[in-house]
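# Structural overview
This is what each chain is made of:
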Amino acid sequence: MIITKLNISSVRNIILAAVFPSPTLNFIIGKNASGKTAFLEAIFLLGRIKSFRSSSIKSVINSSYLELVVSAEILQMNGATAHLGVQIDSKNYCCRINNQTTHKKSDFAYALPLQVIHPKSYELLDAAPQLRREFLDWGVFNDNENFLLVWRHYKKCLAHRNSLLKTRSVNQLNVWNNELVNYGTMVNNYRQNYLLKFKPVFIEIVARFLDLNDVELKYLSGWNTDKELDCVFIEDIDKDLRFGFTHSGPHRGDIQIMVAGRLAKDYVSRGQLKLLVMSLKLAQMQLLKNQHSNIGCFLIDDFAAELDVINRAKLLNYLVELECQVFITTTEQSDFGDLTDIKNYKMFHVEHGNIIQV
Ligand SMILES: Nc1ncnc2c1ncn2[C@@H]1O[C@H](COP(=O)(O)OP(=O)(O)OP(=O)(O)O)[C@@H](O)[C@H]1O
Ligand SMILES: [Mg+2]
């Protein structure tokens, strides 16, 4: 998909903007505090109905207004045009696709698959497993449309089982154990199948950007897979009852990057960690294209802060090859290097929340 038209209203310091982006690279330049990240946040809101920067969506609404609105025209892979719109106030959000109201955030995630790289992206490999599970499941979700329903069933069963554990209703646990085993095994299989395809793509991208030998991507199911999940639930029961939650299962799944047999986050430099995270995200987009001919949209904030000169040039070349739509911000145009070989790009200048094509 490609965003052909974007309207932004009351997103941080952007009061009103209408943009006609390039289907390929869009370079966004502006001084500090001009509104570059706000521009990317507006696009992200449309795809994920949340901010990549703040946990409170309220903080994204311009402080002089009560609501924000972002809408876009999207050219889909089948040639059709879709209209996406999101309106958010301090309490509610209203989303529309082709003038139909929907409350399913997943509809937007399918319509506008987004990946974002920003200066804190390295946290993906540095922080708690939750972020990595979300990353993995974004890939599985875009790869197989059946995954979402199975994952929702699993979460529902898990919530029931946890509430029974809290009230120590041991007799009813068996019913939920069976359901949980059933859906949990399916979630695990979807993830494993996805990773089988994902790993070679990721390793190839790593080789382009990093001079590292012996890089490995490991999947942790969330339980000791020497044993069947139903046996694990039975073995864990005392522990689960004592703490009032389910200790093992796909909700504890994780991925790890190992370099020369050691956890990447404890071994590689900060720059290398950022490049590994970037490679993970590029690999998801590449796979989306390979498998479904569907291309998402890449948001890269603070391009220069992330990469050295050589890797910046390599990344731009990669993105041109990938033929996806990209929005990249920086403070100085010179950070983008020589653009003479890049075709069809657009350059935008942001100043005090005004976005002007130059
Ligand atoms: N809710 C809000 N209402 C109004 N202005 C806001 C709001 N939230 C943030 N801002 C302001 O919007 C301005 C633009 O912020 P933004 O993060 O987009 O800047 P930027 O161009 O990315 O800067 P930098 O180069 O430093 O990253 C900042 O001055 C910020 O204080
Ligand atoms: Mg910024």
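## A few points about the overall build of the protein chain
Each helix and strand in the protein chain was counted, giving 11 helices and 15 strands. Taken against the 2.2 N^0.38 rule, which gives 21 Å for 358 residues, the C-alpha radius of gyration of the protein chain at 22 Å falls within 12% of a compact globule. Oriented by its inertia axes, the alpha-carbon framework of the protein chain measures out at about 70 × 50 × 35 Å. Put simply, 71% of the contacts in the protein chain that link residues at least 6 apart link residues at least 24 apart.

## Topic: the site of ligand 1
Taken together, 15 residues are adjacent to ligand 1, and N13, N32, A33, T37 and A38 come closest. Top contributing element to the shell around ligand 1 by residue count: helix α1 (residues 36-48), with three residues. Split into classes, the residues belonging to the shell around ligand 1 amount to three nonpolar, 10 polar and two charged.

## Quick word on the domain arrangement of the protein chain
What the domain assignment reports for the protein chain is domain 1 (1-113 + 294-358) and domain 2 (122-292). Spacing between the C-alpha centres of domain 1 and domain 2 amounts to 28 Å. Of the residues lining the interface, 12 residues belong to domain 1; the matching set on domain 2 comes to 12 residues. With four residues, helix α11 (residues 309-322) is the single largest residue contributor to the side of domain 1 that touches domain 2. Here the side of domain 1 that touches domain 2 is composed, by residue class, of six nonpolar, four polar and two charged.

## Brief notes about the environment of V215
Relative to the assigned elements, V215 resides in strand β9 (residues 215-220). Along the sequence, V215 and I257 sit 42 residues apart, while their C-alpha atoms lie 7.1 Å from each other. The residues contacting V215, other than those within four sequence positions of it, are I203, V206, I257 and V259.

## Details of the packing of helix α6 (residues 170-209) against helix α7 (residues 229-243)
Here α6 crosses α7 at 135°, and the two axes come no closer than 9 Å. Between α6 and α7, the angle falls in the class oblique. Like other packed secondary-structure pairs, α6 and α7 cross with a definite hand, here right-handed. Here N177, V181, G184 and T185 of α6 come into contact with α7, specifically with L229, D230 and F233.

## Some points on the nonpolar core
Core analysis: the biggest nonpolar cluster contains 91 residues, and A42, I43, L46, V70, L276 and L299 have the highest contact counts within it. For this core, the leading source of residues is α6, giving 12 residues. Summarising the domain contributions, this core has at least three residues from each of domain 1 (1-113 + 294-358) and domain 2 (122-292). Not counting chain neighbours up to four residues away, the residues in contact with L276 comprise L125, V206, L210, I257, A264 and V268.

## Re the sheet that holds strand β3 (residues 25-30)
Read from one edge of the open sheet, six strands run β8-β12-β13-β3-β14-β15, paired in mixed fashion. Taken across any chain shown, the strands that pair with only one partner, and hence form the sheet edges, are β8 (114-117) and β15 (354-357). Taken over all neighbouring pairs, the strand axes of this sheet differ in orientation by 20° on average, direction set aside. Of the strand pairs in this sheet, β3 and strand β14 (residues 346-351) are connected by five bridges, and their pairing is parallel. Pairing of G30 across the sheet is with V350, part of β14. Together, β3, β8, β12 (297-300), β13 (325-330), β14 and β15 form the strand contacts of α1, whose direction differs from that of β13 by roughly 150°. Strands in contact with helix α9 (residues 270-292) are β8 and β12; relative to β8, the strand with the most contacts, it is inclined by about 165°.

## What about helix α5 (residues 147-166)?
Note that an α-helix has 3.6 residues per turn; residues three or four places apart therefore point the same way. With 20 residues, α5 extends 29 Å from end C-alpha to end C-alpha; this agrees with the ideal 28 Å at 1.5 Å per step. Regarding α5, the residues found buried are F147, V150, W151, Y154, C157, L158, R161, L164 and L165. Viewed end-on, α5 has its buried residues packed into an arc of 145°, placing them on one side of the element. The exposed residues of α5 that point more than 90 degrees off its buried face are L149, R152, A159 and K166. On its buried side, α5 packs onto α4 (129-143), α6 and α7. Once α5 finishes, R168 follows within two positions and takes phi at roughly 55°, a positive value.

## Looking at the pairing of β12
On β12, burial covers both faces: C297 and L299 on one face and F298 and I300 on the other are all buried. Looking at chain direction, β8 and β12 are connected through four bridges and run parallel. In the sheet register, I117 faces β12, and the bridge partner there is I300. Both β12 and β13 contribute to a ladder of four bridges, which runs parallel.

Conventions used here
- Residues numbered from 1 in each chain as written.
- Chains lettered and ligands numbered in written order.
- Predicted model: local features only at pLDDT ≥ 70, side-chain atom pairs only at ≥ 80, totals over all residues.
- Helix = DSSP H or I, 4+ residues; strand = E, 2+ residues; numbered from the N terminus.
- Rg over C-alpha atoms; globule rule 2.2 N^0.38 Å.
- Contact = placed C-beta atoms within 7 Å.
- Near = placed C-beta within 6 Å.
- Nonpolar A, V, L, I, M, F, W, Y, C, P; charged D, E, K, R; others polar.
- Domains from an automatic or database assignment.
- Axes fitted to C-alpha atoms, helices over the stretch in contact; angles between N-to-C directions.
- Parallel < 35°, antiparallel > 145°, perpendicular 65-115°, else oblique.
- Left-handed = near helix turned anticlockwise from the far one by under 90°.
- Core = buried A, V, L, I, M, F, W, Y, C linked by C-beta atoms within 7 Å.
- Buried ≥ 20, exposed ≤ 12 C-beta atoms within 10 Å, placed from the backbone.
- Pairing = 2+ DSSP bridges.
- Expected span 1.5 Å × (residues − 1).
- Arc of directions from axis to C-beta.

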